[in-house]
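Spelled out from the first residue to the last, the chains are:
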Amino acid sequence: MMNFFRSNFWIPKLSRNRVNQPFGLLIPGLKETNETLDDFGIKLPNEALLSDLASLVGGGQLKEEIELQAEIKFNLFRSLPWWVKMLESINPTIENRAQKQNLITWKTLKCLSSLKLPGYRFDSRLISASVLFFIIDMCIKKFKCPSKEVFAVLAEATEIATSLTEEEVTLLSCLPSDSEMAKLPEKLQAQFDKAKEDAEFFFSGETFQTHYAIGKVIRCLRKRMDPKVRSEIHDVLDLLSHPGRFLVISTSRKLEKLDSFVLVKTQRFTPDPSGQEIRFRRMTNLSEIPRIQSQTLAFAVLYPKLFLEKVVRNEALVRERGTILQLRQSVCLMIDKSPSMLFKGNLFKAIGILFNRLLAVLSRDAYVMYQFFDDELSTESTADDPIEAQLAMKFAKAENFIGSGTNINQALLTAKAKLATLPPELRRQTQHIVLVTDGRDNVTVTPEEMQGIKVHVFVMGGSNHDLRKICQQTDGVYYENI
């Protein structure tokens, strides 16, 4: 008898009214909708869920939790046979299971209601909602991810995916494939295979296990997708298929909020009679009267005394031809590649900082040099044009962060020496050193040695008092646990 009542036979699987349906909204048929979703490798189990998703996409409001609980209790009591109602000890058990099943779905719908669903038409937004519902459901049920963490990641990812700039899309498209980013040296990978342990989850740490779980669900989903079909939801899937992509762009977006970290090229005007550019400046001598601004010359006719007063006081503006030279700022980026950078997504955060600096290369605002270091320095690379900037993204691989030790002093002094070798026009502009590390190496370099250079430091975990002092005295950015 008890085994019978432990089954789900008498428990309604779904409530049909978790979302208030907007007036006049036509709910598509379940069969037609599933035919469309076949291309994405998923199916909606019943019309109740379809109705909820469609109402949500159509602007319907999600019911309050207490309202839903009362409705489930009322509908459940009506649906049970009379002889079950008489068994008072069984009714609470059935009700609890019904509440639990429905509220799990309600929480997923609540997450969807807060997301910026990709798509402009109703049908494309319904597809996005259905795919995201499947991803959330799998992460919570299969990988036991906390629902709040899943919701937070998807909320940020959908916001980013729907607001990507052309430059960001260009660099993201140059990142290695999912398998290439996760690839480890053969000997290290063999150890994980032998222990039957997932390397990605091993290095992720608790903070980023949800990111890796979402990526695995999406990669599993993609095996069932039709590769020829493309919709707005694919931008979100591309961003989350490997957590590295998401961490790269999300880290870059965080840096945009740091005013001291913004790179903007400066302009220098050189007087030249044959130049194509024109500027206005204060008159320096009477011989420049013919070049006085036309608005000021009008005073010579209407108000002669006021005109002469402006000339005597050097308040009159004159036209001057010349050329404008665009002067870029230069950046030397030093990235720690010791093995500890593999943990907690640090390597992809480091690439995200490089990504942010390379955006300035695409806009012709900066010249970037970058180099990886541990106890030794790897080969120096530069990004002076869009092609070189795109090639830099190929370093976003776990196998590139297998080193030993951390020598921060050597990295800082090397960066300073490299900036000193730049052409004069670059040295005349603000120069930046960006150090990315998770090491607590003792630093003997003094702020005085870095005078004239802005030093920015990003410490991936922990803190470093010596580096903080250098940043403060050179007007740079010091950031921990980005």
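Procedures and definitions
Residues numbered from 1 in each chain as written. Predicted model: local features only at pLDDT ≥ 70, side-chain atom pairs only at ≥ 80, totals over all residues. Heavy atoms only, no water. Buried < 20%, exposed > 50% of the residue type's maximum accessible area, 1.4 Å probe, protein only. Helix = DSSP H or I, 4+ residues; strand = E, 2+ residues; numbered from the N terminus. Arc of directions from axis to C-beta. Contact = heavy atoms within 4.5 Å. Polar contact = N/O pair within 3.5 Å; in protein donor to acceptor, adjacent residues only side chain to side chain. Expected span 1.5 Å × (residues − 1). Disulfide = S-S within 2.5 Å. Pairing = 2+ DSSP bridges. Axes fitted to C-alpha atoms, helices over the stretch in contact; angles between N-to-C directions. Core = buried A, V, L, I, M, F, W, Y, C linked by side-chain atoms within 4.5 Å. Salt bridge = Lys/Arg side-chain N within 4 Å of Asp/Glu carboxyl O. Parallel < 35°, antiparallel > 145°, perpendicular 65-115°, else oblique. Left-handed = near helix turned anticlockwise from the far one by under 90°. Nonpolar A, V, L, I, M, F, W, Y, C, P; charged D, E, K, R; others polar. Patch = residues over 30% accessible without salt bridge, like charges linked within 9 Å, V, L, I, M, F, W, Y side chains within 5 Å. Areas by Shrake-Rupley, 256 points an atom, 1.4 Å probe, with all protein chains shown as cover.

Colleague: I tried to follow helix α21 (residues 465-473) on my own but got confused; where do I start?
Modeller: For the α-helix, the turn length of 3.6 residues means that residues three or four positions removed from each other point alike. The complete set of buried residues in α21 reads L467, I470 and C471. Down the axis of α21, the buried side of the element spans an arc of 100°, and every buried residue falls inside it. When the buried face of α21 is taken as reference, the exposed residues oriented beyond 90 degrees from it are H465 and Q472. On its buried face, α21 sits against α19 (408-420), β7 (431-437), β8 (453-459) and β9 (478-480). Two or three places before D466, at the opening of α21, N464 has a side-chain oxygen 3.2 Å from that residue's backbone nitrogen. Backbone geometry just downstream of α21 places D475 in the positive-phi region, at approximately 60°.

Colleague: How should I be thinking about helix α7 (residues 122-141) in this particular structure?
Modeller: Its 20 residues give α7 an end-to-end C-alpha distance of 28 Å, which sits within 8% of 28 Å, the value for a rise of 1.5 Å per residue. Burial of α7 is extensive: 14 of the 20 residues sit out of reach of the surface.

Colleague: Explain the state of the cysteines to me, please; I cannot follow it from the model alone.
Modeller: In a disulfide, the sulfur atoms of two cysteines are covalently bonded to one another. Within the structure shown, the criterion is met by zero disulfides. Note on C145: no disulfide assigned, nearest cysteine sulfur contributed by C139 at a separation of 5.0 Å. Look at C145 and you get buried, because its relative accessible area is 8%.

Colleague: Looking at this model, I keep getting lost on the sheet that holds β9. Mind explaining?
Modeller: Backbone-to-backbone hydrogen bonds join strands into a sheet, with any given pair of strands oriented parallel or antiparallel. As summarised here, the arrangement of the six strands in space is β6-β5-β4-β7-β8-β9, forming an open sheet in which the pairing is mixed. The sheet is open, and its two borders are formed by β6 (381-383) and β9, each paired with just one other strand. Recorded for the sheet is a direction-independent mean angle of 15° between the axes of neighbouring strands. Here α21 sits on the sheet in contact with β7, β8 and β9, set at roughly 145° to β8.

Colleague: What should I look at first to understand the nonpolar core in this one?
Modeller: Nonpolar side chains in soluble globular proteins generally cluster together in the buried interior. Of all hydrophobic cores here, the largest spans 103 residues; its most connected members are L112 and L358. Looking at this core, the element that brings in the most residues is helix α17 (residues 346-362), giving twelve residues. Residues in contact with L358, not counting those within four places in the same chain, are L171, V368, A383, A389, A392 and M393. Y367, A415, M450 and L467 belong to the second largest nonpolar core, which has 25 residues in total.

Colleague: Any chance you could explain the pattern of salt bridges here in plain terms?
Modeller: Oppositely charged side chains can pair when the atoms bearing their charge come close. Applying the stated criterion across every chain yields a total of 19 salt bridges. Between R245 and D178 there is a salt bridge whose closest N-O contact spans 2.9 Å. Remark: D178 occurs in helix α10 (residues 178-182) and R245 occurs in helix α14 (residues 243-255); sequence separation between them is 67 residues. Like D178, R245 is buried. Look at the salt bridges and you will find they share partners, linking R279, R281, E288, R291 and E320 into a network.

Colleague: Would you mind showing me how to read the packing of α7 against helix α12 (residues 199-222) here?
Modeller: When two helices pack together, their arrangement is captured by the angle between the axes and the distance separating the axes. Relative orientation of the contacting elements α7 and α12 amounts to 125°, with a least axis distance of 9 Å. The angle between α7 and α12 falls in the class oblique. For the pair α7 and α12, the sense of crossing is right-handed. The residues of α12 that touch α7, namely those facing V131, F134, I135, M138 and C139, are A213, I214, V217, I218 and L221. Classifying every residue of the contact of α7 with α12 gives ten nonpolar, no polar and no charged.

Colleague: Where do I start with a nonpolar patch on the surface in this structure?
Modeller: A contiguous nonpolar surface patch, about 440 Å² in accessible area, is contributed by V301, L302, Y303 and L306. Looking at the secondary structure, you find Y303 in the loop between α15 (294-302) and α16 (304-312).

Colleague: In this structure, what is going on with the packing of α12 against helix α13 (residues 233-240)? I would like to understand it.
Modeller: Axis separation between α12 and α13 bottoms out at 9 Å; the angle between their running directions is 125°. Taken together, the axes of α12 and α13 lie oblique to each other. You can see that α12 and α13 cross each other, and the crossing is left-handed. Where α12 approaches α13, its residues I214, G215, I218 and R222 are matched on the opposing element by H234, L237, D238 and L240.

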